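# Understanding the architecture of this molecule
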Amino acid sequence: MKINRAFLVKNIKEISTEIDKEYSDVLLSNKSIELLEKFFQKNGAEELREFGKYCAIQEIPYLELNFIIEDLFKRVYIEYNEYIDHIAYGYLHIKLQNDAKYFEIKVQKIFVATINKVRDTINLHIYWILEFISSVTNNTKPPQMDETQCHLGCWIEKMSEEFDTKEIREQHHNLHTLAKHAYISYQKGAFHRFLLLYIDMIYYSAIIRQNILQYFTEEELISITIDVLTHLPNRFTLQSDVKNLDASMSIFLFNIKDFSKINLMFGQRTGDKVIKSVAQVLLQCKECQKVYRIYGDEFGVLLKNENVYESIQKLVNILESQPYPKDTKLVNITIYGSYAKVGEHLLEKAEFGIIYGKQNSNKITNVDRFTREEMLEYAKNLQLSQRLQLAFASNKIYPYYQPIFNIDTGRIEKYEVLLRVEDLSGRIMSPSEFLDVLKNMFIYPEVTKMVLIKAFDKFKDKPYEFSVNLSFRDIINEETSHMIENIIQNNPQTTKRLTIELLEYEAILNFSKVSQFIEKVRSYGVKIALDDFGAGYSNFINIFKLNIDFIKIDGSIIQNILIDKKSKVLVISIQNIAEEIGAKTIAEFVSSERIFEAVKLFGVNYAQGYFIGEPKADLQ
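Bear in mind the structure is a predicted one, so any value in this text is a computation, not a measurement.

### Considering the sheet that holds strand β5 (residues 364-366)
Reading across the sheet, the five strands line up as β2-β3-β1-β4-β5 and stay open at both edges, with mixed pairing between neighbours. The outermost strands of the open sheet, each flanked by one partner alone, are β2 (290-295) and β5. Sheet twist, expressed as the mean angle between neighbouring strand axes with direction ignored, is 20°. Helix-sheet contacts for helix α13 (residues 268-284) involve β1 (249-256), β2 and β3 (298-304), and the interaxial angle to β3 is about 5°.

### Some points on the nonpolar core
Counting residues in each nonpolar core, the largest one holds 67 residues, and the members touching the most others are Leu-438 and Ile-500. The element best represented in this core is helix α18 (residues 444-459), accounting for eight residues. Ranked by size, the runner-up nonpolar core spans 49 residues in total, among them Leu-48, Ile-168, Tyr-186 and Tyr-215.

### Description of the packing of α18 against helix α20 (residues 478-490)
Running from amino to carboxyl end, α18 crosses α20 at an angle of 10°, the nearest separation of the two axes being 10 Å. Considered as vectors, α18 and α20 are oriented roughly parallel to each other. Of the residues in α20, those in contact with Pro-445, Thr-448, Lys-449, Leu-452, Ile-453 and Phe-456 of α18 are Thr-480, Met-483, Ile-484, Ile-487 and Ile-488. Among the residues forming the contact of α18 with α20, the class breakdown is eight nonpolar, two polar and one charged.

### A word on helix α23 (residues 511-522)
The first and last C-alpha atoms of α23 sit 16 Å apart over twelve residues, in line with the 16 Å expected at 1.5 Å per residue. For α23, every residue scored as buried is listed here: Val-514, Phe-517, Ile-518 and Val-521. Burial along α23 is one-sided: seen end-on, the buried residues are contained in an arc of 100°.

### Describing the packing of aromatic side chains
The geometry of two aromatic rings is summed up by the distance between their centres and the angle between their planes. Under the criterion given, the structure shown has 20 aromatic pairs. Consider the rings of Phe-132 and Phe-194, whose centres lie 6.3 Å apart with planes at 10°: the pair is stacked. Of this pair, Phe-132 sits in helix α7 (residues 124-137) while Phe-194 sits in helix α10 (residues 191-225), and the two are 62 residues apart along the sequence. Phe-132 gets classed as buried once you look at its relative accessible area, which sits at 0%. Residue classification places Phe-194 among the buried positions, given a relative accessible area of 0%. Note on Phe-550 and Tyr-606: the rings are 5.9 Å apart at their centroids and 75° apart in plane angle, and the pair reads as edge-to-face. In this pair, Phe-550 is assigned in strand β12 (residues 550-553) and Tyr-606 in strand β14 (residues 606-607), connecting sequence segments 56 residues apart. With respect to class, Phe-550 is no different from Tyr-606; both count as buried. Sitting above the plane of the Tyr-336 ring, Lys-363 keeps its charged end 5.8 Å from the centroid. Above the ring of Phe-550, the side-chain terminus of Lys-414 is found at 4.3 Å from the ring centroid.

Definitions and cut-offs
- Residues numbered from 1 in each chain as written.
- Predicted model: local features only at pLDDT ≥ 70, side-chain atom pairs only at ≥ 80, totals over all residues.
- Heavy atoms only, no water.
- Pairing = 2+ DSSP bridges.
- Helix = DSSP H or I, 4+ residues; strand = E, 2+ residues; numbered from the N terminus.
- Axes fitted to C-alpha atoms, helices over the stretch in contact; angles between N-to-C directions.
- Contact = heavy atoms within 4.5 Å.
- Core = buried A, V, L, I, M, F, W, Y, C linked by side-chain atoms within 4.5 Å.
- Buried < 20%, exposed > 50% of the residue type's maximum accessible area, 1.4 Å probe, protein only.
- Parallel < 35°, antiparallel > 145°, perpendicular 65-115°, else oblique.
- Nonpolar A, V, L, I, M, F, W, Y, C, P; charged D, E, K, R; others polar.
- Expected span 1.5 Å × (residues − 1).
- Arc of directions from axis to C-beta.
- Phe/Tyr/Trp six-rings, centres within 6.5 Å; stacked < 30°, edge-to-face > 60°.
- Lys NZ or Arg CZ within 6 Å of the ring centre and 35° of its normal.

Keep in mind that these numbers describe shape and distance, not what the molecule does.
Right under this line is the structure:
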């Protein structure tokens, strides 16, 4: 009779389910017993192995299958080992193949923050199990069976100095003992015994993996609050601590100037030693109530408010008076820091103080003197300076050209060269958004140089005059001033069509320096324009002394010329002054035809504004 395997497996599943439910001996139905008896009596080794393979494919747990078959054999036969080993042989090869695939997927699934760093360690025993499976299925050399010599055994020995490894050592010992007996059983053909031992091996493997994972998880949780290198509490701990402190305490945040150069010159290992040495010095200072390592080369120290500045000075002197690291004494360090009383936005204020101190050469900055609004504005400008630096490095700072209309001739005869910056989103920023910040940046002289070079290149073969804005910083900066002189000397024909625009208030406040610069550049044929004239007070006496060619009437006056009587009077007065000193006038912000007609009526010589033409990347 040919056995119906699907029916047989179905019955075995039903029986195993009953066993799970009742946890007692279960009497097989007469039909099931009859089918099983006929199957085992009439089928040979190959059929029994096929049956075992089929049960494995159907994912019937081997222990359940074994319980049912063993119980049946006890009822029907005295000797059953021969039969059950054939079933086990068929079963184990499918199971080993499935387990190998499962473990290969398992090693990729480790949910811990330092996943890349510890993945291999956590999975050492799984790799070993995979080698064991491969040796059985492919009849190859088994993995290292000596528990003290395998990779996991070596790791356990190494880590025994840091944590109690007794439990995991015992589990690892049991795993290897089971593996040795299982391998011998397989070689002897005792496949049923092999499977029972192998199942226990997988059990111990899972426990070992869980314990190693737990160890690294605990390490990760500790590192959330404790700095790994110095064993000091870190930024997260400080953030928690300051919530429970009162106003009698202050925080002093500091970092080491040019610490990255130490890493670069002597290596990161030496840099780590410097950090550890600094931590030791801080812990020995009685002024320090508590010490934190924030990140990198930045530390935090809690101090009492009483004589806090004197305490900080003493602390800085101690830190800077000795060489680091302690064992080699290679370098001395310089500290930049800031302090503030415990209160709202404490850490943000202290971080701001460090940045402010570095940029303004203040070794110790008291942040309590700044308002929240001042810090936000400073942070905004700092962010803008970073965007400008990136734009400069990416060649995203461009000259734009706005036409200037000669009212007397009815033609566009001049262009003003204006600065534009393209930000990360592709938006074009106008000078009012960035110029004040840019003037305080180290790239500003290079931007001035770039604008001049591009302007000379643009107009060298054009018939137009052109004007470029310079600030007082450009004039007093020796390098920039020398660069300007070189450019105008090397381009004599184009220089004759150049006008340099200077802001009125800068020219008046720095009259002596400005007049010297004007005298120098005029000797090369350069013309001078006084920009934004009338925006503030005007020192007419000094204006008369300055040898200027153009007066640009501030746009705020021109915009109100149709509605404000004072603006009209100012335009007329400026026009009269210009005529007295032999200069021409240029009206800025001429945005409509009515304004154009008004400035024309008052005798203004040139008009500039959106009515004439917007600034563009090319000439109009």
